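Examination of the molecular architecture
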Amino acid sequence: VRKIVIGLLGAGNVGTGVVRILQENQADIERRLGGAVAVKKVLVRDPSRSREMVADELLTDNPAEILEDPEVRVVVELIGGIEPAYTYVMEALSRSKHVVTANKALMAVKGRELFAEAARRGVSINFEAAVAGGIPILRALREGLASDRIEKITGIVNGTSNYILDAMTRTGARYEEALAQAQEAGFAEADPTLDVGGGDAAQKLALLTLLGFGARVSVDDISTEGITRVRPFDIQAADELGYVIKHLAQAVRTPEGLILRVHPALVPKGSIMAGVHGAYNAILVESRAMGRSLYHGRGAGPMPTGMAVVSDIIELCRSVFAFDSGRPPPEAFARVEDVKPRPLDDERHENYLCVHVTNVPGILGRVATCLGTNGVSIKRLQQDPQGPGTPVDMVIVTEAIDEADLTAALQRVDELDAVQAPTHRFRIVDPDPLESR
Ligand code: HSE
(Lines give C-alpha, C1' and ligand atoms only; values in the text may rest on other atoms or scores of the structure.)
Protein backbone atom coordinates (compact mmCIF):
# COMPACT_ATOMS: atom_id res chain seq x y z
CA VAL A 1 0.00 0.00 0.00
CA ARG A 2 0.98 3.63 -0.50
CA LYS A 3 2.33 5.11 2.70
CA ILE A 4 2.75 8.59 4.18
CA VAL A 5 5.26 9.05 6.95
CA ILE A 6 4.43 11.51 9.70
CA GLY A 7 6.16 12.79 12.83
CA LEU A 8 4.48 13.92 16.04
CA LEU A 9 5.72 16.80 18.17
CA GLY A 10 4.36 16.13 21.65
CA ALA A 11 2.72 13.14 23.30
CA GLY A 12 0.53 14.71 25.97
CA ASN A 13 -3.25 14.50 26.29
CA VAL A 14 -4.10 15.11 22.65
CA GLY A 15 -1.03 13.22 21.38
CA THR A 16 -2.19 10.11 23.21
CA GLY A 17 -5.62 10.45 21.60
CA VAL A 18 -4.05 10.82 18.14
CA VAL A 19 -1.87 7.72 18.50
CA ARG A 20 -4.77 5.72 19.85
CA ILE A 21 -7.08 6.65 16.97
CA LEU A 22 -4.38 5.94 14.38
CA GLN A 23 -3.89 2.50 15.91
CA GLU A 24 -7.46 1.53 16.74
CA ASN A 25 -8.93 2.79 13.46
CA GLN A 26 -5.99 1.77 11.29
CA ALA A 27 -7.93 -0.55 8.97
CA ASP A 28 -10.73 1.97 8.40
CA ILE A 29 -8.27 4.79 7.84
CA GLU A 30 -6.32 2.76 5.26
CA ARG A 31 -9.52 1.88 3.45
CA ARG A 32 -10.79 5.46 3.37
CA LEU A 33 -7.44 6.89 2.41
CA GLY A 34 -6.33 4.21 0.01
CA GLY A 35 -2.98 4.21 1.80
CA ALA A 36 -1.33 4.00 5.19
CA VAL A 37 -0.26 6.60 7.73
CA ALA A 38 2.96 5.63 9.51
CA VAL A 39 4.22 7.44 12.61
CA LYS A 40 8.01 7.45 12.39
CA LYS A 41 9.02 9.51 15.42
CA VAL A 42 7.40 11.20 18.42
CA LEU A 43 9.13 14.15 20.08
CA VAL A 44 8.87 14.08 23.87
CA ARG A 45 10.71 15.81 26.69
CA ASP A 46 11.90 12.58 28.32
CA PRO A 47 12.32 9.60 25.94
CA SER A 48 13.49 7.34 28.78
CA ARG A 49 9.94 7.38 30.18
CA SER A 50 7.78 4.75 28.46
CA ARG A 51 4.35 5.78 27.08
CA GLU A 52 1.34 3.56 27.08
CA MET A 53 0.48 3.98 23.41
CA VAL A 54 3.86 4.62 21.77
CA ALA A 55 6.68 2.11 21.20
CA ASP A 56 9.85 3.17 23.02
CA GLU A 57 11.94 3.19 19.84
CA LEU A 58 9.72 5.91 18.31
CA LEU A 59 10.46 8.36 21.13
CA THR A 60 13.05 11.08 20.70
CA ASP A 61 13.95 14.35 22.38
CA ASN A 62 15.67 15.68 19.28
CA PRO A 63 13.30 17.72 17.04
CA ALA A 64 15.74 17.46 14.11
CA GLU A 65 14.97 13.74 13.86
CA ILE A 66 11.51 14.75 12.66
CA LEU A 67 12.01 18.19 11.13
CA GLU A 68 15.10 17.26 9.11
CA ASP A 69 13.95 13.82 8.01
CA PRO A 70 13.10 14.02 4.28
CA GLU A 71 10.86 10.97 4.60
CA VAL A 72 8.50 12.80 6.98
CA ARG A 73 5.85 14.54 4.83
CA VAL A 74 3.48 15.68 7.59
CA VAL A 75 4.47 17.16 10.95
CA VAL A 76 1.80 17.04 13.65
CA GLU A 77 2.34 19.70 16.32
CA LEU A 78 0.72 18.91 19.67
CA ILE A 79 2.98 20.78 22.06
CA GLY A 80 0.72 23.81 22.59
CA GLY A 81 1.73 27.40 23.37
CA ILE A 82 3.76 29.67 21.11
CA GLU A 83 7.33 28.54 21.70
CA PRO A 84 8.95 26.21 20.83
CA ALA A 85 5.93 25.18 18.73
CA TYR A 86 6.30 28.20 16.41
CA THR A 87 9.98 27.56 15.70
CA TYR A 88 9.33 23.88 14.97
CA VAL A 89 6.31 24.51 12.74
CA MET A 90 8.17 27.22 10.79
CA GLU A 91 11.07 24.83 10.33
CA ALA A 92 8.72 22.09 9.09
CA LEU A 93 7.02 24.44 6.60
CA SER A 94 10.29 25.84 5.36
CA ARG A 95 11.29 22.26 4.54
CA SER A 96 8.01 21.91 2.55
CA LYS A 97 6.35 19.62 5.05
CA HIS A 98 2.62 19.87 5.64
CA VAL A 99 1.56 20.68 9.18
CA VAL A 100 -1.40 19.64 11.31
CA THR A 101 -1.83 21.38 14.63
CA ALA A 102 -4.33 21.60 17.47
CA ASN A 103 -2.67 24.76 18.74
CA LYS A 104 -5.15 27.66 18.76
CA ALA A 105 -2.76 30.08 20.45
CA LEU A 106 -0.19 29.48 17.73
CA MET A 107 -2.69 29.87 14.88
CA ALA A 108 -4.42 32.90 16.42
CA VAL A 109 -1.21 34.75 17.24
CA LYS A 110 1.22 33.62 14.53
CA GLY A 111 -1.17 32.70 11.72
CA ARG A 112 0.03 35.46 9.40
CA GLU A 113 3.65 34.28 9.39
CA LEU A 114 2.74 30.59 9.21
CA PHE A 115 0.27 30.95 6.33
CA ALA A 116 2.75 33.10 4.41
CA GLU A 117 5.47 30.46 4.77
CA ALA A 118 3.05 27.65 3.86
CA ALA A 119 1.96 29.53 0.73
CA ARG A 120 5.59 30.18 -0.20
CA ARG A 121 6.38 26.46 0.06
CA GLY A 122 3.13 25.20 -1.48
CA VAL A 123 2.10 23.22 1.59
CA SER A 124 -0.88 23.32 3.95
CA ILE A 125 -1.52 23.86 7.65
CA ASN A 126 -4.66 22.17 8.95
CA PHE A 127 -5.95 23.20 12.37
CA GLU A 128 -9.48 21.85 12.74
CA ALA A 129 -8.75 20.61 16.28
CA ALA A 130 -7.80 24.12 17.40
CA VAL A 131 -11.46 25.21 17.55
CA ALA A 132 -14.14 23.29 19.40
CA GLY A 133 -12.26 19.98 19.66
CA GLY A 134 -14.01 17.27 17.66
CA ILE A 135 -16.67 19.47 16.06
CA PRO A 136 -15.83 19.97 12.37
CA ILE A 137 -16.72 23.66 12.48
CA LEU A 138 -13.76 24.96 10.49
CA ARG A 139 -14.53 22.41 7.79
CA ALA A 140 -18.19 23.48 7.84
CA LEU A 141 -17.21 27.14 7.36
CA ARG A 142 -14.53 26.36 4.78
CA GLU A 143 -16.44 23.79 2.75
CA GLY A 144 -20.09 23.29 3.65
CA LEU A 145 -20.83 27.02 3.87
CA ALA A 146 -18.19 28.10 1.35
CA SER A 147 -20.82 29.61 -0.96
CA ASP A 148 -22.72 31.47 1.75
CA ARG A 149 -22.21 34.84 3.42
CA ILE A 150 -21.74 34.49 7.14
CA GLU A 151 -23.54 37.12 9.20
CA LYS A 152 -23.11 35.97 12.78
CA ILE A 153 -21.27 33.29 14.75
CA THR A 154 -22.23 32.58 18.35
CA GLY A 155 -20.25 29.94 20.19
CA ILE A 156 -19.85 28.15 23.44
CA VAL A 157 -16.26 27.25 22.67
CA ASN A 158 -14.58 26.68 25.99
CA GLY A 159 -15.51 23.30 27.39
CA THR A 160 -13.99 24.00 30.79
CA SER A 161 -16.03 27.19 31.29
CA ASN A 162 -19.21 25.51 30.11
CA TYR A 163 -18.53 22.52 32.35
CA ILE A 164 -18.06 24.79 35.37
CA LEU A 165 -21.10 27.02 34.73
CA ASP A 166 -23.24 23.97 33.94
CA ALA A 167 -22.19 22.13 37.10
CA MET A 168 -22.83 25.26 39.19
CA THR A 169 -26.27 25.61 37.56
CA ARG A 170 -27.39 21.98 37.60
CA THR A 171 -25.83 20.55 40.72
CA GLY A 172 -25.00 23.63 42.77
CA ALA A 173 -21.32 22.56 42.67
CA ARG A 174 -18.80 25.07 43.90
CA TYR A 175 -16.58 26.77 41.31
CA GLU A 176 -13.40 25.13 42.64
CA GLU A 177 -14.91 21.63 42.63
CA ALA A 178 -16.16 21.98 39.07
CA LEU A 179 -12.80 23.32 37.85
CA ALA A 180 -10.97 20.41 39.48
CA GLN A 181 -13.30 17.93 37.75
CA ALA A 182 -12.77 19.59 34.37
CA GLN A 183 -9.00 19.46 34.86
CA GLU A 184 -9.15 15.81 35.84
CA ALA A 185 -11.12 14.98 32.70
CA GLY A 186 -8.36 16.55 30.56
CA PHE A 187 -10.43 19.43 29.13
CA ALA A 188 -8.57 22.26 30.77
CA GLU A 189 -5.51 24.03 29.41
CA ALA A 190 -2.20 23.59 31.23
CA ASP A 191 -2.84 27.09 32.54
CA PRO A 192 -6.55 27.14 33.48
CA THR A 193 -6.65 30.95 33.58
CA LEU A 194 -6.72 30.73 29.77
CA ASP A 195 -10.00 28.81 30.09
CA VAL A 196 -11.75 30.65 32.91
CA GLY A 197 -10.33 34.05 31.94
CA GLY A 198 -11.76 33.83 28.43
CA GLY A 199 -8.41 33.89 26.57
CA ASP A 200 -8.90 30.42 25.07
CA ALA A 201 -12.35 31.39 23.76
CA ALA A 202 -10.96 34.66 22.33
CA GLN A 203 -8.27 32.75 20.42
CA LYS A 204 -10.93 30.42 19.03
CA LEU A 205 -13.12 33.38 18.09
CA ALA A 206 -10.20 34.91 16.18
CA LEU A 207 -9.93 31.66 14.18
CA LEU A 208 -13.68 31.46 13.59
CA THR A 209 -13.49 35.06 12.35
CA LEU A 210 -10.69 34.12 9.96
CA LEU A 211 -12.66 31.22 8.50
CA GLY A 212 -16.11 32.82 8.65
CA PHE A 213 -15.35 36.40 7.63
CA GLY A 214 -11.98 36.11 5.90
CA ALA A 215 -10.63 38.67 8.34
CA ARG A 216 -7.64 38.58 10.63
CA VAL A 217 -8.05 40.15 14.05
CA SER A 218 -5.62 40.46 16.89
CA VAL A 219 -6.76 38.49 19.95
CA ASP A 220 -5.85 41.55 22.04
CA ASP A 221 -8.50 43.60 20.21
CA ILE A 222 -11.31 41.23 21.24
CA SER A 223 -13.28 42.45 24.25
CA THR A 224 -12.82 39.46 26.59
CA GLU A 225 -14.25 38.52 29.94
CA GLY A 226 -14.08 35.10 31.61
CA ILE A 227 -16.36 33.34 34.06
CA THR A 228 -14.56 34.13 37.30
CA ARG A 229 -17.00 36.92 38.26
CA VAL A 230 -20.06 34.67 37.96
CA ARG A 231 -21.28 33.83 41.46
CA PRO A 232 -23.83 31.23 42.59
CA PHE A 233 -26.05 34.23 43.44
CA ASP A 234 -26.05 35.37 39.79
CA ILE A 235 -26.88 31.87 38.57
CA GLN A 236 -29.78 31.65 41.01
CA ALA A 237 -31.08 35.14 40.18
CA ALA A 238 -30.83 34.42 36.44
CA ASP A 239 -32.76 31.19 36.97
CA GLU A 240 -35.57 33.04 38.73
CA LEU A 241 -35.72 35.50 35.83
CA GLY A 242 -35.93 32.68 33.24
CA TYR A 243 -32.31 32.65 32.06
CA VAL A 244 -29.18 30.49 32.19
CA ILE A 245 -25.68 31.98 32.37
CA LYS A 246 -23.44 30.78 29.54
CA HIS A 247 -20.01 31.85 28.36
CA LEU A 248 -20.42 33.11 24.79
CA ALA A 249 -18.00 34.08 22.04
CA GLN A 250 -19.70 36.12 19.36
CA ALA A 251 -18.73 37.62 16.01
CA VAL A 252 -21.29 39.77 14.21
CA ARG A 253 -20.99 41.41 10.81
CA THR A 254 -22.39 44.97 10.83
CA PRO A 255 -22.19 47.70 8.17
CA GLU A 256 -19.72 49.55 10.42
CA GLY A 257 -17.43 46.56 10.91
CA LEU A 258 -17.16 43.38 12.94
CA ILE A 259 -18.33 43.14 16.52
CA LEU A 260 -16.30 40.63 18.52
CA ARG A 261 -17.06 39.79 22.14
CA VAL A 262 -16.30 37.05 24.65
CA HIS A 263 -18.21 37.19 27.93
CA PRO A 264 -20.71 35.47 30.22
CA ALA A 265 -24.28 36.22 29.19
CA LEU A 266 -27.80 35.43 30.31
CA VAL A 267 -29.53 33.37 27.60
CA PRO A 268 -33.23 32.39 27.69
CA LYS A 269 -33.81 28.95 29.23
CA GLY A 270 -35.51 27.54 26.13
CA SER A 271 -32.81 28.66 23.70
CA ILE A 272 -30.37 26.37 21.89
CA MET A 273 -27.36 27.64 23.81
CA ALA A 274 -29.07 27.00 27.16
CA GLY A 275 -29.21 23.29 26.24
CA VAL A 276 -25.44 22.90 25.83
CA HIS A 277 -24.24 20.96 28.86
CA GLY A 278 -21.02 19.68 30.40
CA ALA A 279 -17.86 20.10 28.35
CA TYR A 280 -19.88 20.20 25.14
CA ASN A 281 -19.38 23.06 22.72
CA ALA A 282 -21.85 24.53 20.27
CA ILE A 283 -21.49 27.00 17.45
CA LEU A 284 -24.56 28.64 15.97
CA VAL A 285 -23.83 30.11 12.56
CA GLU A 286 -26.14 32.53 10.80
CA SER A 287 -25.57 32.83 7.10
CA ARG A 288 -27.60 34.51 4.39
CA ALA A 289 -28.73 31.55 2.29
CA MET A 290 -28.73 28.82 4.91
CA GLY A 291 -30.15 30.76 7.85
CA ARG A 292 -29.19 29.30 11.21
CA SER A 293 -27.15 26.10 11.45
CA LEU A 294 -25.90 24.50 14.62
CA TYR A 295 -22.71 22.51 15.23
CA HIS A 296 -22.75 20.74 18.56
CA GLY A 297 -20.51 18.14 20.16
CA ARG A 298 -17.56 17.43 22.37
CA GLY A 299 -15.30 20.44 22.23
CA ALA A 300 -12.45 19.22 24.39
CA GLY A 301 -10.71 16.11 25.63
CA PRO A 302 -8.07 13.81 24.15
CA MET A 303 -10.30 11.60 21.99
CA PRO A 304 -12.53 14.24 20.31
CA THR A 305 -9.56 16.54 19.77
CA GLY A 306 -7.36 13.63 18.67
CA MET A 307 -10.07 12.60 16.21
CA ALA A 308 -10.08 16.07 14.63
CA VAL A 309 -6.28 15.95 14.32
CA VAL A 310 -6.36 12.54 12.61
CA SER A 311 -9.09 13.71 10.22
CA ASP A 312 -6.83 16.63 9.28
CA ILE A 313 -3.96 14.18 8.74
CA ILE A 314 -6.18 12.09 6.46
CA GLU A 315 -7.27 15.15 4.48
CA LEU A 316 -3.65 16.17 3.97
CA CYS A 317 -2.57 12.66 3.05
CA ARG A 318 -5.34 12.51 0.45
CA SER A 319 -4.12 15.71 -1.13
CA VAL A 320 -0.52 14.47 -1.02
CA PHE A 321 -1.55 11.28 -2.83
CA ALA A 322 -3.64 13.22 -5.32
CA PHE A 323 -1.07 15.88 -6.06
CA ASP A 324 2.14 13.89 -5.70
CA SER A 325 2.98 14.52 -9.32
CA GLY A 326 2.35 18.24 -8.94
CA ARG A 327 1.86 20.33 -5.83
CA PRO A 328 -0.97 20.53 -3.33
CA PRO A 329 -3.00 23.73 -3.38
CA PRO A 330 -1.38 26.43 -1.27
CA GLU A 331 -3.01 27.50 1.94
CA ALA A 332 -5.77 30.04 1.32
CA PHE A 333 -5.19 32.30 4.32
CA ALA A 334 -1.90 33.82 3.29
CA ARG A 335 -3.68 36.92 1.94
CA VAL A 336 -6.53 38.05 4.15
CA GLU A 337 -7.61 41.46 5.32
CA ASP A 338 -6.45 42.68 8.74
CA VAL A 339 -9.38 44.19 10.57
CA LYS A 340 -9.98 45.94 13.87
CA PRO A 341 -13.24 44.98 15.55
CA ARG A 342 -15.76 47.77 15.87
CA PRO A 343 -15.89 49.63 19.24
CA LEU A 344 -18.74 48.27 21.36
CA ASP A 345 -20.01 51.70 22.59
CA ASP A 346 -23.21 51.81 20.56
CA GLU A 347 -24.01 48.11 20.92
CA ARG A 348 -27.45 47.64 22.49
CA HIS A 349 -28.36 44.92 24.98
CA GLU A 350 -30.71 44.19 27.77
CA ASN A 351 -28.62 43.63 30.89
CA TYR A 352 -28.67 41.84 34.19
CA LEU A 353 -27.36 44.05 37.00
CA CYS A 354 -26.74 43.15 40.59
CA VAL A 355 -26.18 46.24 42.75
CA HIS A 356 -24.76 45.60 46.22
CA VAL A 357 -26.25 48.22 48.51
CA THR A 358 -26.93 48.85 52.16
CA ASN A 359 -30.63 48.87 52.90
CA VAL A 360 -31.11 52.57 53.69
CA PRO A 361 -34.19 54.69 52.91
CA GLY A 362 -34.20 56.13 49.40
CA ILE A 363 -31.41 53.93 47.99
CA LEU A 364 -33.67 52.32 45.43
CA GLY A 365 -34.65 55.79 44.19
CA ARG A 366 -31.03 56.93 44.00
CA VAL A 367 -29.95 53.86 42.04
CA ALA A 368 -32.94 54.27 39.71
CA THR A 369 -32.09 57.98 39.22
CA CYS A 370 -28.48 57.20 38.24
CA LEU A 371 -29.78 54.72 35.73
CA GLY A 372 -32.64 56.90 34.50
CA THR A 373 -30.59 60.06 33.99
CA ASN A 374 -28.31 58.07 31.70
CA GLY A 375 -31.25 56.74 29.72
CA VAL A 376 -31.25 53.26 31.30
CA SER A 377 -34.80 52.03 31.73
CA ILE A 378 -35.60 49.32 34.29
CA LYS A 379 -37.56 46.35 32.98
CA ARG A 380 -37.62 44.18 36.11
CA LEU A 381 -36.46 44.55 39.67
CA GLN A 382 -35.99 41.91 42.32
CA GLN A 383 -34.61 42.23 45.83
CA ASP A 384 -34.83 40.46 49.12
CA PRO A 385 -34.11 42.99 51.90
CA GLN A 386 -33.30 41.49 55.29
CA GLY A 387 -34.14 44.61 57.30
CA PRO A 388 -32.85 48.19 57.70
CA GLY A 389 -29.08 48.66 57.44
CA THR A 390 -28.38 45.19 56.08
CA PRO A 391 -26.78 44.50 52.70
CA VAL A 392 -29.11 43.89 49.78
CA ASP A 393 -28.43 42.42 46.35
CA MET A 394 -30.68 44.45 44.09
CA VAL A 395 -31.19 42.52 40.84
CA ILE A 396 -32.23 44.70 37.92
CA VAL A 397 -33.00 43.75 34.35
CA THR A 398 -32.62 46.75 32.04
CA GLU A 399 -34.35 47.51 28.78
CA ALA A 400 -32.02 47.45 25.76
CA ILE A 401 -29.47 50.24 26.12
CA ASP A 402 -26.24 51.36 24.43
CA GLU A 403 -23.06 50.08 26.02
CA ALA A 404 -21.67 53.62 26.50
CA ASP A 405 -24.81 54.83 28.33
CA LEU A 406 -24.84 51.75 30.55
CA THR A 407 -21.18 52.18 31.42
CA ALA A 408 -21.76 55.84 32.37
CA ALA A 409 -24.80 54.89 34.46
CA LEU A 410 -22.95 52.13 36.32
CA GLN A 411 -20.10 54.48 37.09
CA ARG A 412 -22.60 56.84 38.76
CA VAL A 413 -24.27 53.96 40.63
CA ASP A 414 -20.95 52.69 41.96
CA GLU A 415 -20.10 56.16 43.29
CA LEU A 416 -23.14 56.16 45.62
CA ASP A 417 -22.21 55.90 49.32
CA ALA A 418 -24.56 53.01 50.03
CA VAL A 419 -23.17 50.92 47.16
CA GLN A 420 -20.70 48.50 48.68
CA ALA A 421 -19.05 46.77 45.73
CA PRO A 422 -18.77 47.26 41.98
CA THR A 423 -22.07 46.46 40.31
CA HIS A 424 -22.22 43.09 38.63
CA ARG A 425 -23.29 43.26 34.99
CA PHE A 426 -23.89 40.57 32.41
CA ARG A 427 -25.43 41.07 28.99
CA ILE A 428 -28.66 39.27 28.13
CA VAL A 429 -28.25 37.64 24.73
CA ASP A 430 -30.75 35.62 22.75
CA PRO A 431 -28.83 34.07 19.87
CA ASP A 432 -31.87 32.26 18.45
CA PRO A 433 -34.96 34.40 19.14
CA LEU A 434 -38.19 32.41 19.32
CA GLU A 435 -39.99 34.05 16.37
CA SER A 436 -37.56 32.49 13.92
CA ARG A 437 -36.59 29.38 15.90
N1 HSE B 1 -9.24 23.96 27.25
C2 HSE B 1 -10.12 23.89 26.14
C3 HSE B 1 -11.54 23.89 26.64
C4 HSE B 1 -9.95 22.65 25.33
O5 HSE B 1 -11.78 23.74 27.83
O6 HSE B 1 -12.42 24.04 25.82
C7 HSE B 1 -9.02 22.80 24.23
O8 HSE B 1 -9.43 23.77 23.34
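Residues numbered from 1 in each chain as written. Predicted model: local features only at pLDDT ≥ 70, side-chain atom pairs only at ≥ 80, totals over all residues. Heavy atoms only, no water.

Notes on the pattern of salt bridges
When the charged atoms of two side chains lie near each other, side chains of opposite charge can form a pair. Basically, it comes down to this: The working definition used for a salt bridge is a side-chain nitrogen of Lys or Arg within 4 Å of a carboxyl oxygen of Asp or Glu. Only DSSP runs of H or I reaching four residues or more are called helices, and only runs of E reaching two or more are called strands; each is numbered from the N terminus.
The tally for this structure, following the rule as stated, stands at 36 salt bridges. Asp402 serves as the salt-bridge partner of Arg348, at 3.0 Å between the closest nitrogen and oxygen. In this pair, Arg348 is assigned in strand E15 (residues 348–358) and Asp402 in strand E18 (residues 401–402), connecting sequence segments 54 residues apart. A single network of salt bridges, built from pairs that share partners, joins Glu128, Arg139, Arg142, Glu143, Asp312 and Glu315.

As for the site of the ligand
Test applied: We call a residue near a molecule or strand whenever a single non-hydrogen atom of that residue lies within 4 Å of it. In protein, a polar contact requires one atom able to donate a hydrogen and another able to accept it; more generally it is a pair of N or O atoms within 3.5 Å, and residues adjacent in sequence count only if both atoms are side-chain atoms. Note on areas: these come from Shrake-Rupley sampling with a 1.4 Å probe, and a residue is covered only by the protein chains present in the view. Residue classes follow a fixed rule: Ala, Val, Leu, Ile, Met, Phe, Trp, Tyr, Cys and Pro count as nonpolar, while Asp, Glu, Lys and Arg count as charged, and any other residue, Gly among them, counts as polar.
Contacts to the ligand come from Lys104, Val157, Asn158, Gly159, Thr160, Phe187, Ala188, Glu189, Asp195, Asp200, Lys204 and Ala300. Here an oxygen atom of the ligand sits 2.6 Å away from a polar atom, N or O, in the side chain of Lys104. In the model, an oxygen atom of the ligand is placed 3.5 Å from a nitrogen or oxygen of the Asn158 side chain. When the ligand sits alone it has 260 Å² of accessible area, and the protein chains cover 92% of it. Where the shell around the ligand is concerned, the elements lending two or more residues are helix H7 (159–170) and helix H10 (199–213). Tallied by class, residues from the shell around the ligand come to four nonpolar, three polar and five charged.

Looking at the environment of Gly291
Operational definition: Residue contacts are counted whenever heavy atoms from the two residues lie within 4.5 Å of one another.
Within the secondary structure, Gly291 sits in strand E13 (residues 291–298). For the pair Gly291 and Arg149, spaced 142 residues apart in the sequence, the C-alpha separation amounts to 10.0 Å. Those residues in contact with Gly291 that lie beyond four places of it in its chain are Val285 and Glu286.

Section: a nonpolar patch on the surface
Threshold: Exposure above 30% relative accessible area and the lack of any salt bridge qualify a residue for a patch; like charges then connect within 9 Å, and the nonpolar side chains Val, Leu, Ile, Met, Phe, Trp and Tyr within 5 Å. Burial status follows relative accessibility: with a 1.4 Å probe on protein chains alone, a residue under 20% of its type maximum counts as buried, one over 50% as exposed, and anything between as partly exposed.
A cluster of nonpolar side chains, contributed by Leu364, Ile378 and Leu381, occupies part of the molecular surface with about 210 Å² of accessible area. The topology assignment puts Leu381 in strand E16 (residues 378–382). Given a relative accessible area of 39%, Leu381 falls into the partly exposed group.

Re the sheet that holds strand E1 (residues 3–9)
To keep it simple, the criterion reads: By this definition, two strands are paired if DSSP reports at least two bridges between them.
One open sheet accounts for six strands, arranged E3-E2-E1-E4-E5-E6; its pairing is parallel. At either margin of the open sheet sits one strand with a lone partner, and together these are strand E3 (59–60) and strand E6 (125–126). Note that E1 and strand E2 (residues 36–43) share seven bridges and pair parallel. The residue bridging Gly7 from the neighbouring strand is Lys41, located in E2.

Some remarks on the pairing of E13
Bridge analysis of strand E12 (residues 280–287) against E13 gives eight bridges, and the strand direction is antiparallel. Considered in E13, the bridge of Asn281 is made with Gly297. Linkage of E12 to E13, two consecutive antiparallel strands, is achieved through a turn of three residues.

Here we look at the environment of Leu294
Inspection of the secondary structure puts Leu294 in strand E13. Its relative accessible area of 39% is what places Leu294 among the partly exposed residues. Residues Leu294 and Ile153, spaced 141 residues apart in sequence, show a C-alpha to C-alpha distance of 9.9 Å. Once residues within four sequence positions are removed from consideration, Leu294 is found in contact with Ile272, Ala282, Ile283 and Leu284.

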